[in-house]
Amino acid sequence: MASVFLYHVVGDLTVGKPEMVEFCETETVESAIRAIGESTECGIPVWKRRSHTAMIENNEMRQQRFVGILNSLDIVAFLAKAQCLEDQEKAMKTPVSEVVDADNSLLKQVDPATRLIDALEMMKQGVKRLLILKGTVWKGMSKRFSILYNGKWLKNADSNSSSNSLTINTNRPSSSSTAAIREKFCCLSREDVIRFIIGCLGALAPLPLSSISSLGAVNLNYYSLEASLPAIEAARKLPKDPCAVAVVESAPDGHSKIIGEISASRLWKCDYLAAAWALANLSAGQFVMGVEDNLTARSFPDFTVNSTVGNENTVKSGASTTRPKIFSSRSIGFNPGSSSFGMGRSMYRGRSAPLTCKITSTLAAVMAQMLSHRATHVWVTEDEDDDILVGVIGYADILFAVTKPASSFLPVNRSTECFAAEVHN
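Small disclaimer: the values here were computed from a predicted structure and weren't measured. (Residues numbered from 1 in each chain as written. Predicted model: local features only at pLDDT ≥ 70, side-chain atom pairs only at ≥ 80, totals over all residues. Heavy atoms only, no water.)

Trainee: What should I look at first to understand the sheet that holds strand β8 (residues 185-189) in this one?
Mentor: As a general point, the strands of a sheet are linked pairwise by backbone hydrogen bonds and lie either parallel or antiparallel. Across the sheet, which stays open at both edges, the three strands sit in the order β4-β5-β8 with mixed pairing between neighbours. Because the sheet does not close on itself, it has two edges, and the strands there are β4 (107-110) and β8. The mean inter-strand angle of the sheet, taken between neighbouring strand axes irrespective of direction, is 30 degrees. Sheet strands in contact with helix α7 (residues 116-124) are β4, β5 (129-133) and β8, and its direction is about 140 degrees off that of β5. (Pairing = 2+ DSSP bridges. Helix = DSSP H or I, 4+ residues; strand = E, 2+ residues; numbered from the N terminus. Axes fitted to C-alpha atoms, helices over the stretch in contact; angles between N-to-C directions. Contact = heavy atoms within 4.5 Å.)

This is how it looks when you write it as structure tokens:
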């Protein structure tokens with residue numbers, strides 16, 4: 001495993017990655033919906049517009065321009081507000097700066113020669129995207145010494161990295177400013193890292209065949225919402241990682257049975273306006289299932305849907321010849337086998353069923369499950385009962401699990417110089 005994490009660099013994972021196109025905070029929600037549909041991990045990085053007066057931009061300036069990551073649940077929660085439902089056209093034209101949750105720590109620019117183990121440490125500390133300069137050639141497999149040491153920033157990180165830094169020299173002549181502006185970057189996500197790791201399962205043995213419970217990868221601090229409560233409650237306490245709320249029903253024995261979820265990954269490519277209306281008006285249980293069969297058309301007000309993705313049906317208010325649109329789980333990306341609330345587990349089959357695994361599932365199986373479904377998380381249930389919710393496992397939990405043994409070959413109480421001598425010898 002040391003060879004996988006110590007002698008691979010983040011540049012190895014950027015082969016074939018497309019150039020990142022900055023999504024500006026002045027863009028509209030409507031544009032963000034289209035961009036999110038083409039994104040990874042159901043979200044897009046949002047940037048402040050580059051100043052025209054700044055001809056040369058260094059790493060620090062670029063980092064300061066980063067605003068945060070906008071995902072599908074953020075947009076649905078915003079569109080579910082009363083003022084947005086009253087004027088959907090105006091809501092869709094709203095700048096994303098009014099929607100995105102500003103968090104500058106979610107992205108970090110790194111050198112292409114940064115060791116993979118350092119990238120994993122950054123992601124374990126909360127970084128969701130790594131910004132990497134494309135087309136840079138580095139010598140050797142990786143940097144011998146880490147900017148992180150046992151999960152802590154080195155005091156001499158700045159001095160050590162100055163010779164290898166890709167920061168643009170502001171003392172360069174003006175003729176180089178054009179080249180600086182044309183620098184191309186790509187964005188590395190946690191999904192990219194997991195895809196790389198799953199291709200190295202042999203080097204990680206015996207971890208891949210160990211259960212997620214034995215590795216301590218099950219996160220017990222998850223968010224849940226009773227199916228009978230309003231779905232809008234999920235928007236009032238949006239979790240950050242993973243961005244998902246389990247919809248549960250209480251069993252007689254006190255356990256919680258999962259019946260669905262309200263999450264960014266599930267709403268990734270949905271009809272956002274239909275989802276927003278449902279979030280604001282339905283219970284959590286109705287939201288995850290759809291209610292087209294047990295509510296009449298008169299139960300729904302006429303409303304217009306002009307979403308650029310998902311369902312293309314449009315209803316004009318007051319038109320007697322137009323059938324009012326009835327919310328259905330299919331219109332927001334679900335496909336339940338039945339839409340009668342309270343009929344049992346069988347109605348949650350199909351795409352409406354939450355993605356689950358057992359507490360005894362192996363790490364390799366869960367990783368493959370997440371990647372095949374393009375999901376950011378998997379809900380964990382008891383081994384004996386598929387419905388009883390135990391916890392959740394996301395990208396961050398997997399990264400913690402696969403790097404636990406890595407700390408065994410990083411000395412705890414010795415200096416960096418001693419470790420360097422050992423590696424050299």
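Trainee: Just checking my understanding: could you explain the side chain of Ser189 for this structure?
Mentor: Looking at the element boundaries, Ser189 is found in strand β8. With a relative accessible area of 1%, Ser189 lands in the buried category. Ignoring anything within four residues of it in the chain, the contact list for Ser189 reads Thr40, Glu41, Met123, Lys128 and Arg129. (Buried < 20%, exposed > 50% of the residue type's maximum accessible area, 1.4 Å probe, protein only.)

Trainee: What exactly am I supposed to notice about the packing of aromatic side chains here?
Mentor: The geometry of an aromatic ring pair is captured by two quantities: the separation of the ring centres and the angle between the planes. Inspection of the entire model under this criterion finds two aromatic pairs. Here Trp47 and Phe66 contribute two aromatic rings whose centre-to-centre distance is 5.5 Å and whose plane-to-plane angle is 70 degrees, an arrangement assigned as edge-to-face. Residue Trp47 is found in strand β2 (residues 43-47), and its partner Phe66 is found in strand β3 (residues 66-71); the two are separated by 19 residues along the sequence. Of the two residues, Trp47 and Phe66, both sit in the buried class. Here the aromatic rings of Tyr222 and Trp379 are separated by 6.3 Å at their centres, their planes lie at 85 degrees, and the arrangement is edge-to-face. Of this pair, Tyr222 sits in the loop between α10 (190-198) and β9 (224-226) while Trp379 sits in strand β13 (residues 377-381); the two residues are 157 residues apart in sequence, bridging distant segments of the chain. The class of Tyr222 is partly exposed, set by a relative accessible area of 24%. Here Trp379 falls in the buried class, since its relative accessible area comes to 1%. (Phe/Tyr/Trp six-rings, centres within 6.5 Å; stacked < 30°, edge-to-face > 60°.)

Trainee: Where do I start with unusual backbone geometry in this structure?
Mentor: Negative phi values dominate among residues other than glycine, just as trans dominates among peptide bonds. Of note, the amide linkage connecting Ala205 to Pro206 takes the cis form, showing an omega dihedral of 5 degrees. The residue Pro206 is located in the loop between α10 and β9 in this model. With an omega of -5 degrees, the peptide bond between Asp241 and Pro242 qualifies as cis. In this fold, Pro242 is placed in the loop between α11 (233-236) and β10 (244-250). With a phi angle near 50 degrees, Arg374 is a residue other than glycine that sits in the positive phi range.

Trainee: Would you explain the packing of helix α14 (residues 363-372) against helix α15 (residues 395-403) in this entry?
Mentor: The description of two packed helices rests on the angle between their axes and on the distance between the axes. Contact geometry of α14 with α15 gives a least axis separation of 12 Å together with a crossing angle of 145 degrees. Here α14 and α15 pass one another in a crossing that is left-handed. Here Leu363, Met367 and Met370 of α14 lie close against α15, whose contacting residues are Tyr395, Ile398 and Val402. Split into classes, the residues belonging to the contact of α14 with α15 amount to six nonpolar, no polar and no charged. (Left-handed = near helix turned anticlockwise from the far one by under 90°. Nonpolar A, V, L, I, M, F, W, Y, C, P; charged D, E, K, R; others polar.)

Trainee: Before we go on, may I ask you to explain the packing of helix α4 (residues 72-79) against helix α12 (residues 272-281) in this structure?
Mentor: Two elements in contact, α4 and α12, have axes separated by 8 Å at closest approach and are oriented at 60 degrees. Classified by the angle between their axes, α4 and α12 sit oblique to one another. For the crossing formed where α4 meets α12, the hand is right-handed. Residues Ser72, Ile75, Val76, Ala77 and Leu79 of α4 form the contact with α12, whose own contacting residues are Tyr272, Leu273, Ala275, Ala276 and Leu279. Classifying every residue of the contact of α4 with α12 gives nine nonpolar, one polar and no charged. (Parallel < 35°, antiparallel > 145°, perpendicular 65-115°, else oblique.)

Trainee: Please clarify how the nonpolar core should be interpreted in this entry.
Mentor: Note that soluble globular proteins tend to have their nonpolar side chains buried in a common cluster. One finds Leu70, Ile75, Leu79, Ile262, Tyr272, Leu279 and Phe287 to be the most contacted residues of the largest nonpolar core, which totals 48 residues. When residues in this core are grouped by element, the largest group, seven residues, is from α12. Apart from the residues lying within four places of it in its own chain, the contact partners of Ile75 are Val29, Ala32, Ile33, Ile36, Leu70, Val99 and Tyr272. Counting residues in each nonpolar core, the second largest holds 45 residues, with Phe5, Leu188, Phe196 and Ala375 among its members. (Core = buried A, V, L, I, M, F, W, Y, C linked by side-chain atoms within 4.5 Å.)

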